[in-house]
Each structure stands twice: as structure tokens, then as C-alpha cells.
Amino acid sequence: MTRRRPQLAALAIVSWLLGLAGSAGGHVVHARPTLLSLVTGSDLVAHVRVLDPHASVALEATGGRRPIVRVELREVIKGAGEPGRELRFASHGHGVAEYVAGDEALVFLLPLARSRELAVLQEAGLRWVSNQEHDSRYVLTPESRAGVLAAARGYAAAGRLPERQARVERLRGVTLALLTSGDARLGASAVRDLVAAGDLPLVTQADVPRLLAEVVHSENASIGVRIGLLAELERRQLVDAAPVWQALLRSTNRPDLLQVVRAAGRHPSPEVNATLVEMLGREDAVAEASALALGDPAHADSVPALAKALQSDQPRVRMAAIRSLGLIATPAAKDALEAAAGTHEDSATRRRAAAEVRNQTRRP
Amino acid sequence: MTLASSFRLSWRRALSIGLAVSSIALMGNVCSGPTFRAGVCVRDITPVTPGLAAAYEAEFGESAVVNHTDPVFIAGFGDNRAATGYHDRLWARGLVVDGYGGRIAIVALDLVGYLNGEVDTIRSLLSAESGVDYVVVHSTHQHEGPDTIGIWGADSLTSGIDFGYLDFVNDAVAACIDEAAANLEPARVKFATTDSVGLSLALDVEDDGQGVSDGKVLVDDDLIAPETDGRIVDSRLSIMQVTRRGPPHEVMATLVNFASHPESLGSNNTLISADFPHYARQHIEEAIGGMAIWVSGDLGVLQGPLDLDVLDPLTNQPAVRRTFRWAQVHGEQLADRVLSAIPDKPGNPVAIIRVATSKPVPVRLDNPYFRFFIAIGVLNPRLSLFTDGLPDDSVGTPFPPPFDVIPQALGEDLHTEVGAFRINEASFAVVPSELDPQIGETYRAAMTGAEHTFIIGLGNDEIGYQLPAPKWDDSCHACAPFILGGVPQLCPLYPNIDCNTVFQNNVGADVDPSISEAMFPILAELH
């Protein structure tokens, strides 16, 4: 069955903006949260300096101690607090964020009373808990400080604006700033929020030339942001994406090219397909990536090229081609696998192809 | 469809014959049917990249075969944790056991998880001569090794998986099983059960001195376990030891089953390691020889070591958390418990083995976030969704207005498998999930008559958390259109929305009913 891309209507999702006005007291903590979701989902957002990341509080009940973090407030971006004052919080989660003394950080805190696991720590005088984990830790560096703080301030300020259109414009400004910041993490966060926002006009047709020039085609942007943004612009039908994918395939250098190849395979078009097939002939890891990228029924026309790739002198390319032929799973793909299983000169290739044929017989 | 039906002998009759033959075998007769035979194998599956090959050689004194591209993204905690070197090697450790009724291969991988499609490929790669009736590929779920699932790459937009490495692992595991099966030898098997109670110091609010802690308290857990404020863990250490048949009964393998995430090193570590099971295995092997195999059990929901304190015998102080020293102290303490529990008598030279499996097991995909990310191509499950048993990759916008602009993958379910087997007085359940210990207890209760019970978690797949259906908090999924749409406060359940990773990164409320409905009949068939 062919996957069809939904035609998203530009309508009601705009109510998304209401969330920013009404999020105080909300406790929606996403796994791998974006910066926006961290700001909207926290009661206290603060720029802090870490005083003691390995402090602890005494626990009367056990006679033991619980690790906590002591920080000095530098700026309160959301919630209440006084710069210069000390703040203590517990950490809880699966791989909690870790700091060293002197770190400048952006912390996102929730009332401890809401933590089923740690509420008892209130008895030790604590009020706050951070659910930040490894990938939601924001330690500020000279390079990232300005961008991260500006974005957090922008998101918090947008949430305080009473008028919807003003909030859209404010968020659009923050989104564009993050996407064009050159900061891989901020850019990825913005792309994920764009994706989750449906058709909310956080980018518009007017922004596309700048985004293509400063992000998608820019070597200063991280490759994840470049391809993630292009995929999102394609989903929003703001660009004719096939020529852009093809241009990226032709212009990107390694190692980023490997990610482009992987991503392009999920955006099939005659141009992309032809370029990936062409890349199968290269004598480096790009050939392997291309073989993997073609592993989708949407690339069924590439079976002859993948069958040819089974003769590559690179073992990883042969194995990738076998995987993809197994995923395409058309009769022609199965014929190619059976031929390799029977007659390929390399025993490992014969064995793996035969295994893939057996896999085919087990699948519905 | 179950495999058990293909074994024509009833368990009761097999047992009686086995006991009879056991007596004969003990008198020195060798009978190829019920005689227990075993073979072991090991393969180094440490990911080695061009950039890390020198580090591998420097650390282990051996040249390395490059099997992975640069970089190795470490799985388990978050994005963009690239490995910078090695602390200890990752292994595939295999045991093939053969007795009256069947031949089973158990291979434990020092990996975060291994998906069912790859397990199928391993099975397809096995030689016909191996004659294995049932293959169990288990992942310890350690959090200091390569991304084999694909969701811990450079950022949340790119994958961390290297398929060439998966091909390497598949070959290694299949070759390992073939080797062990080809080298079966007369052996003995014995079992023991102990626990980890008292191995942690109970200094923290989340540590009850059980040697493992509960990182996520579910609703009403406090009613079940009021004495621990709802913290419920499985501290059982189940042990199977295989020795050579004749005196001095040299140890061939010691398999340890324990329900705790191997993640004590935390999220800042960038050295590849098997975590505390490395030290536990090493300690066991140094003490009694043979190969130690670590098998993680019902370690969900978030059963683990992160909030424990353990006493370092060198300093007589609590070891510093998130360090290799902590992992060493914990691992060696667990190993000492294991060593002291193994009975000092020869094991049984005969074995009655029975196997029952169920595949495919459809599990309804309820998670609207997964459906959303699959629909937009960010999450590529590599395994199709299915509707009425057939692959279904369709996409639509099923939410009612005003959320009918949010795309969703429409396939109804994903497919996985479950299994169970018996070896003499021991019984094993093989689950594809991170199983909550409360459910694990119900499986053990269904193992009627078994003296020793094992739960092999993350067996032949990794589909995430499996928690009791009554404790499923649907707020995160039910409010998904509001959350994806950015208006959580408009959801009727607001503000009581729990999007803890246990609920958000979960296939859905149907996991436990589906897995348990498949598991209980095959357990009943075996007991």
C-alpha cells in the first residue's frame, strides 16, 4: 500500500497559541522536550549559576541524604524569584541532567508537591524538582548563551501576550531566529516544534527563500536541521522539494551527505530515485547509504540497480542491498535475492541473501 | 499458533520418562534422548569504528576489526552521546541446551535492545545442522553501548543506527549459536534462587535496601506496597548453572537473571561498557570459571540502580554514584550473592525441555505520538504496521475537528512474539518488553510447580514498557491531539496529564493485555 501524504488544512490548529497563554501550572513533560515545551511546561524557568551540583539534604526518615543541586538565580524568565538568591532543587528522571560547579545553565522546574516519587522531600524544605534529563540539559556556553536565553525569553514573552495574532508573530520571530542561528540544538528544537504545530504559520511562504538560503543550503547549519527543515517545508507544501533534495544530494559533502542520502530516500521522486541509483555506483560509504535509502516499496523501480549492487566489491554495500531488496519485497526483488543466494561468488552474500529469502517466506 | 503442540509428548509423561531415564543415566548409562548436553559460545560485538580502532587496541591489547562507522552514538539516555573510547567489551554470550523434548539457544547481547526483524534474520542465518528448536536473543538493555534501535542519533532528527553493524551482530550471533550447537557435550544443569536484598544502603528516599530501586511509582502502587510508599521491585536473582558431566564438574556457564537496568554509569559517560553486569560476570568467572551470562529480567517500569547507594569495601563509605567504581562494587556484590547461592552438588545430567511460543502477537499501537511521527516520516519503525494481519502503511487525519489536520499512521498494530520454556524444575518466560515486576509475578505464579522461575526481558524484541493495564494512565495519549496541537489546557483531563516517559514512549494500553493473553496460554501449556 502506498503511503499518502495528508493535505493539511490551514485552520484550527492555530488554537495552539492558546497553550502559551494558559500553560502556567501545566505539567506536560515530553520525553525529549523541545525548548518551547520546556518553557510552556514549567512553572519556574531560570538562568542560574550552579553553586554545588552534588549538594544533599538530610533525610530524617532514613538517616541518609538525597542529592540536590544548589544554584544562584541570575535571571527569572518565567515564574517568581529574585536574582542573586540561592535556589535548591532535586533532580528526578531517567539519566538526570548533571552539572559541574560554576556551570551557567537554564533550568526548568516544577513544584515538588506534584512529584509522586519525591514529594516527601518537602519535609527537608525543598520546593522544586527538575525533570531535565541528559538531552534536555541546557548548560550555557559563551557561544550558546545569547541564543538560548533569547529564545527562552521569547517563548515566555509570547505566552504572556493576550492577543493571538501578536503571539503568532512573536513565535514566528523566535522560530526563524532559532532556525537561522547556526546552533544545531536550537535549530533541531525549532524544527520539532514546527512539525508538531501542524499548519500553524510559524513559517510562511515569505520566509522560504531565506530559510532555503540560510539553512537548507547553508553549510553553517547542522545537517539534521537542514534536512529536517526541508522535510517540513515539503510537508507544508511550501517548496517544490524534489529539486531541492536532488540539489542537496549533489552538493553536500561527506559526512553530511550520508544523512542527506538517508533522508532523501524517504522523499521519493523520480529525481531523487535517479540520483540515489547513480550514487549506488560510488566506491565509498555513500553507495551503502544509497542502497539503504532505496529500501522502500516506493523505490521498487530501483530493484535492477540494487540487484547490480549485489555485485559490489564492498561487502557493506552488498549487505545493504540485500536489506533493501527484502524491504521492497516485490517478485523482482525476491528473484534478485534468490539469484544471489544461489550463485553469488561470495559465500557471506549467498548466506545473507538466502536468509533474507527465508525471512520473506515468514512475513505476511 | 504455538510450537508446543508440535511436541507430542505430554509434559507429565515426559517428566515420568525423564525421571526414569534420569535414574538410568545416574547409573552411568548414556541415553541420547534425555541426556542433557550443552554448548557455550561467545562473540565480541564491541562496536569498532575507524576512529576508535586505535583506542580499542590500546585498551584491550588486540587489533580490532572495524564493524561500525564513525561515530558510535551511545543509546539509552539521550541524543548525541558519541562514544570516545572503551572501558570494557560488549559481548554476545550464548548457551545451547539440549535435552529430551527440544534444543534451545539463549544468547544475551550487551545492547540496549534488538528488534524482532533482526532476530528473524539471525534465525534465518542459522545452519540447518544447529537443530535449534527455539532461539532466544536477549538484550541486557545496557545504556552504555551503541544505538541499535535508531533513536539516539546526533539529534532528534537523525538516526544513530548503523545497519552494517547490525549485519555484523546478526552474523556473530548466528555463528555463535552454530558453534555452540556443534560442540554440544554431556553436561549437568542445576538451578538456584536468591535475592539482592540488603545490597543497597537505603539512604535515599527511593532506596529501600533491595539492591534495586523503582524509578516510577504507578497509581495505586502505594496501596499494594504501603511500607515503601508504592515502590515495588523484583529483587530476585535466578541462576542456572551448567557444568561438565564428569568430575570435577567444571563450570561451563552460569546464567544470572536479575531485574535492573544496567545504567549505573549514567548519561555523562562516553566510554563503551556493559555496565555493572561486566563486573558481575568477571567476578563470577574469576571465582568459578566458565562463562557468565547476564540476563535482565522484569526491569520495567524503570527498575534500576540510579538512586541506590552501595558500600565500597575499600573506603567503608558509599561508593560515588555514576562511576565505574560504583558499577564494580554493585556488580561484585551481586556476583557474591550468586556464588553463595549455587548449591555445591552436581547438577542433573538429564533434562526435560519443553518449548511453547506464540508468533505473531499483534499489539495495538495506541500511541498517537508514535503514529504522528511515523506519519510524517520522522520515526521509521522499520517494521510495518499491520491491519487484519497485513502490512498497512497508510496515513490519515482521524482526529475530530479542530484537530483533523494532525496526520496519523493508520495501521492498527505491530507484531511481536512471546515464548516460554521449561528445563526440569525451572521455568522461563520470554517477553519482548520492559516488563513491570508486578506482571512478572503473575507469570511466575502461572509457572505451577516450577521451583525456579526466570523472566527473560527484552527477549527477541524490544517494544518498550509493559505495565499492568489497571495502572495505565491514559491521560498523555488521550490528550495527544491537544498536546500535539499545543493546547493541553483544553483537554478535559488537564492538569492531570502524566507524560512521563513510561506513558509517552509506550506502544499503549494494549501492550499488557496482548502480551499476557499470548503468554498465559503457553505457560498453561507447559505447567
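Residues numbered from 1 in each chain as written. Chains lettered and ligands numbered in written order. Predicted model: local features only at pLDDT ≥ 70, side-chain atom pairs only at ≥ 80, totals over all residues. Heavy atoms only, no water.

**Remarks on the overall build of chain A**
Next, step 1: Each helix and strand counted, chain A has 15 helices and 6 strands in total.
Next, step 2: With respect to the principal axes defined by its C-alpha atoms, chain A has extents near 75 × 55 × 40 Å.
Next, step 3: Sorting the 364 residues of chain A into buried and exposed places 56% on the buried side.
Next, step 4: Counting only carbon and sulfur atoms, one obtains 51% of the accessible surface of chain A, whose full area is about 15,000 Å². (Helix = DSSP H or I, 4+ residues; strand = E, 2+ residues; numbered from the N terminus. Buried < 20%, exposed > 50% of the residue type's maximum accessible area, 1.4 Å probe, protein only. Areas by Shrake-Rupley, 256 points an atom, 1.4 Å probe, with all protein chains shown as cover.)

**Some thoughts on the pairing of strand E3 (residues 91-99) of chain B**
Residues and elements named next belong to chain B.
Next, step 1: For E3, a buried count of 8 out of 9 residues is recorded, marking the element as mostly surrounded by other parts of the structure.
Next, step 2: Inspection of the sheet shows strand E1 (residues 37-44) paired to E3 by 8 bridges, in the antiparallel sense. Residue pairing for E3: Cys 41 is matched across the bridge by Gly 94. (Pairing = 2+ DSSP bridges.)

**Let's talk about the sheet that holds strand E6 (residues 185-195) of chain B**
Residue and element names in this part refer to chain B.
Next, step 1: Read across the sheet, 8 strands follow the order E5-E4-E3-E1-E6-E8-E9-E11 without closing on themselves; strand pairing throughout is mixed. The open sheet has two free edges, formed respectively by strand E5 (134-139) and strand E11 (291-296), since each of these has just one partner strand. The sheet shows a mean angle of 25 degrees between the axes of neighbouring strands, direction not considered.
Next, step 2: Strand direction decides the pairing type here: strand E8 (residues 236-244) and strand E9 (residues 251-258), joined by 6 bridges, are antiparallel. (Axes fitted to C-alpha atoms, helices over the stretch in contact; angles between N-to-C directions.)

**Structural notes on the pairing of strand E4 (residues 104-111) of chain A**
Residues and elements named next belong to chain A.
Next, step 1: Along E4, 7 of the 8 residues are buried, which leaves the element largely enclosed by surrounding structure.
Next, step 2: Pairing between E4 and strand E6 (residues 138-140): 3 bridges, direction antiparallel. Looking across to E6, one finds that Glu 104 is bridged to Leu 140.
Next, step 3: Relative to strand E5 (residues 128-130), E4 is paired through 3 bridges, and the arrangement is antiparallel. Counted as the bridge partner of Leu 109 is Ser 130 from E5.

**Some words on the packing of aromatic side chains**
Residues and elements named next belong to chain B.
Next, step 1: With the rule as written, the count across this model stands at 13 aromatic pairs over all chains.
Next, step 2: Aromatic pair Phe 191 and Phe 454: ring centres 6.1 Å apart, planes at 70 degrees, arrangement edge-to-face. On the criterion of sequence distance, the pair formed by Phe 191 in strand E6 and Phe 454 in strand E23 (residues 452-456) is long-range, its members being 263 residues apart.
Next, step 3: Classification of Phe 454 by relative accessible area gives buried; the value is 0%.
Next, step 4: Judged by centre distance (4.3 Å) and plane angle (15 degrees), the ring pair of Phe 421 and Phe 428 falls under stacked. With respect to burial, Phe 421 and Phe 428 carry one shared label: buried. (Phe/Tyr/Trp six-rings, centres within 6.5 Å; stacked < 30°, edge-to-face > 60°.)

**Comments concerning helix H11 (residues 285-293) of chain A**
Residue and element names in this part refer to chain A.
Next, step 1: With 8 of 9 residues buried, H11 is to be regarded as a mostly interior element.
Next, step 2: If you check which residues of H11 are buried, you get Val 286, Ala 287, Glu 288, Ala 289, Ser 290, Ala 291, Leu 292 and Ala 293.
Next, step 3: A side-chain oxygen of the first residue of H11 lies 2.9 Å from the backbone nitrogen of Val 286; this N-cap is Asp 284. (Polar contact = N/O pair within 3.5 Å; in protein donor to acceptor, adjacent residues only side chain to side chain.)

**What to know about the side chain of Gln 314 of chain A**
Next, step 1: Counting through the fold element by element, Gln 314 of chain A comes out in the loop between helix H12 (303-309) and helix H13 (315-328).
Next, step 2: For Gln 314 of chain A, the residues in contact, after removing those within four places along its chain, are Arg 282, Glu 283, Asp 284 and Ala 287 of chain A. (Contact = heavy atoms within 4.5 Å.)

**Overview of the packing of helix H14 (residues 331-343) of chain A against helix H15 (residues 347-362) of chain A**
Describing two packed helices takes the angle between their axes plus the distance from one axis to the other.
All names here are of chain A.
Next, step 1: One way to put it is that H14 packs onto H15 with a least axis distance of 7 Å and a crossing angle of 140 degrees. By the angle class used here, H14 and H15 are oblique. The handedness of the crossing between H14 and H15 comes out as left-handed. Where H14 approaches H15, its residues Lys 334, Leu 337, Glu 338, Ala 340, Ala 341, Gly 342 and Thr 343 are matched on the opposing element by Arg 350, Ala 353, Ala 354, Glu 356, Val 357 and Thr 361.
Next, step 2: A class-by-class count of the residues in the contact of H14 with H15 yields 6 nonpolar, 3 polar and 4 charged. (Parallel < 35°, antiparallel > 145°, perpendicular 65-115°, else oblique. Left-handed = near helix turned anticlockwise from the far one by under 90°. Nonpolar A, V, L, I, M, F, W, Y, C, P; charged D, E, K, R; others polar.)

**As for the pattern of salt bridges**
Next, step 1: Under the defined criterion, the tally for this structure stands at 51 salt bridges over all chains.
Next, step 2: With a closest N to O distance of 2.9 Å, Arg 43 of chain B and Glu 179 of chain B form a salt bridge. In this pair, Arg 43 of chain B sits in strand E1 while Glu 179 of chain B sits in helix H4 (residues 163-182), placing the two residues 136 residues apart along the sequence.
Next, step 3: Measuring nitrogen to oxygen at the nearest pair gives 3.0 Å for the salt bridge that ties Arg 244 of chain B to Glu 185 of chain B. Placement of the pair is Arg 244 of chain B in strand E8 and Glu 185 of chain B in strand E6, with a sequence separation of 59 residues.
Next, step 4: Judged by its relative accessible area of 23%, Glu 185 of chain B falls in the partly exposed class.
Next, step 5: Each member of the salt-bridge network shares a partner with another, and the members are Arg 66 of chain A together with Asp 204, Glu 206, Asp 307, Asp 309 and Arg 321 of chain B. (Salt bridge = Lys/Arg side-chain N within 4 Å of Asp/Glu carboxyl O.)

**Some details on unusual backbone geometry**
Residue and element names in this part refer to chain B.
Next, step 1: Cis geometry marks the peptide bond from Pro 247 to Pro 248, where omega comes out at 5 degrees.
Next, step 2: Relative to the helices and strands, Pro 248 is located in the loop between E8 and E9.
Next, step 3: Geometrically, the link from Lys 359 to Pro 360 is a cis peptide bond, its omega value of 0 degrees lying close to zero.
Next, step 4: Relative to the helices and strands, Pro 360 resides in strand E15 (residues 353-364).
Next, step 5: In this model, Ala 202 sits at a positive phi of 60 degrees, which is unusual for a non-glycine residue.
Next, step 6: Here Ala 202 shows up in the loop between E6 and strand E7 (213-214).
Next, step 7: Taking relative accessible area as the criterion, Ala 202 reaches 25% and is therefore assigned partly exposed.
Next, step 8: Backbone geometry at Leu 302 places phi at a positive 65 degrees, although glycine is not the residue there.
Next, step 9: Position of Leu 302 relative to the elements: it lies in the loop between E11 and strand E12 (303-304).

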